Amino acid sequence: MKSIQPEFYLSPLQVKEYHLKGALIIDVREAFEFADKGIDLPNVFNFPLSTLKENHKQIPEKKTLIVVCTVGFCSDKAAKILLNNGFKQVFILQGGLLNWSDEGLAMYTNPENIPDDITPHQCNCS
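How each quantity is defined
- Note on numbering: residues in each chain are counted from 1, in written sequence order.
- Local features in this predicted model are restricted to residues whose pLDDT is 70 or higher, and side-chain atom pairs enter the listing and the counts only when it is 80 or higher, whereas totals over whole chains, interfaces and linings include all residues.
- To get the side-chain values, take all heavy atoms of the structure and skip hydrogens and water.
- Burial here depends on accessible area, computed with a 1.4 Å probe over protein chains only, as a share of the maximum for the residue type. Under 20% is buried, over 50% is exposed, and the range in between is partly exposed.
- Only runs of H or I of at least four residues qualify as helices and only runs of E of at least two qualify as strands under DSSP, and these elements are numbered from the N terminus.
- Arc definition: it is the arc formed by the directions from the helix axis to the C-beta atoms.
- The contact criterion used throughout is that any non-hydrogen atoms of two residues lie within 4.5 Å.
- Confidence per residue, as judged by the predictor, is encoded in pLDDT with a range of 0 to 100.
- Multiply 1.5 Å by the residue count of a helix minus one, and that product is the helix's expected span.
- Here, a strand pair is defined by DSSP locating no fewer than two bridges between the strands.
- Place the viewer so that the strands point away; then a crossover is right-handed whenever the path from the first strand over the helix to the second strand goes clockwise.
- For this analysis, a nonpolar core means a set of buried residues of the types Ala, Val, Leu, Ile, Met, Phe, Trp, Tyr and Cys, connected via side-chain atoms within 4.5 Å.

A. Focus on helix H1 (residues 12-20). Considered for burial, the residues of H1 that qualify are Pro12, Val15 and His19. Buried residues of H1, seen end-on, are gathered within an arc of 50 degrees and therefore sit on one face of the element. Those residues of H1 that are buried are in contact with strand S1 (9-10), strand S2 (24-27), strand S5 (65-68), strand S6 (90-93) and helix H5 (96-102). Count one or two residues on from H1 and you reach Gly22, which has phi positive near 110 degrees.

Right, here's the structure in full:
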């Protein structure tokens, strides 16, 4: 499996620059997490890590991709999956959505979308 090198990590401001140039943002959190809050930009798509191996063929291979999760652990795993399946331009939002939020960048929030029986995100990707 390919390892992720430091140059694959982007700061939130670099993500915005890449996005303006046409990069797609791939949010790999579960659907209920994506529905709750996330990056408020166009061309942000939800491909949960739990189904990425089966669904990665729906993502255009020739696009630049930026993988996002809550803190970065799941993004790292997702980027490895994409790189091992032929994707060439894959980057990771360093520090995940927490870093994006800390920078004060645009986020949407929909707390009513969280089902009552779901606990807050607890990353099990480490």
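B. Representation of the confidence of the model for the chain in the model. For the chain, per-residue confidence averages 87 on the pLDDT scale, and 83% of positions sit at 70 or higher. Counting interchain partners and residues more than four positions distant, the pLDDT-below-50 stretch residues 117-122 has four contacts.

C. Spatial organisation of helix H4 (residues 73-84). For H4, spanning twelve residues, the distance from its first C-alpha to its last is 17 Å, which sits close to the expected 16 Å at 1.5 Å a residue. Within H4, the full set of buried residues consists of Cys74, Ser75, Asp76, Ala78, Ala79, Ile81, Leu82 and Leu83. Turning to H4, the residues buried within the fold contact S1, helix H3 (49-55), S5 and S6. Gly86 lies just past H4 and shows a positive phi near 95 degrees.

D. Region of the structure containing unusual backbone geometry. Despite not being glycine, Asn43 has its phi angle at roughly 60 degrees, a positive value. By secondary structure assignment, the location of Asn43 is in the loop between strand S3 (37-39) and strand S4 (44-46).

E. Representation of the pairing of S6 in the model. Here S6 shows two buried faces, one formed by Val90 and Ile92 and the other by Phe91 and Leu93. Pairing analysis gives three bridges linking S5 to S6, with the strands arranged parallel. When the bridges of S6 are listed, Val67 appears paired with Ile92. In this fold, the crossover linking S5 to S6 by way of H4 has right-handed handedness.

F. Expanded view of the nonpolar core. Counting residues in each nonpolar core, the largest one holds 20 residues, and the members touching the most others are Val28, Leu52, Ile59, Leu65, Leu82 and Val90. Here Leu65 is in contact with Leu24, Ile26, Ile59, Pro60, Leu82, Phe87, Gln89, Val90 and Phe91, once residues within four sequence places are set aside. Core analysis: the second largest hydrophobic core is formed by 13 residues, Leu10, Ala23, Val44 and Trp100 among them.

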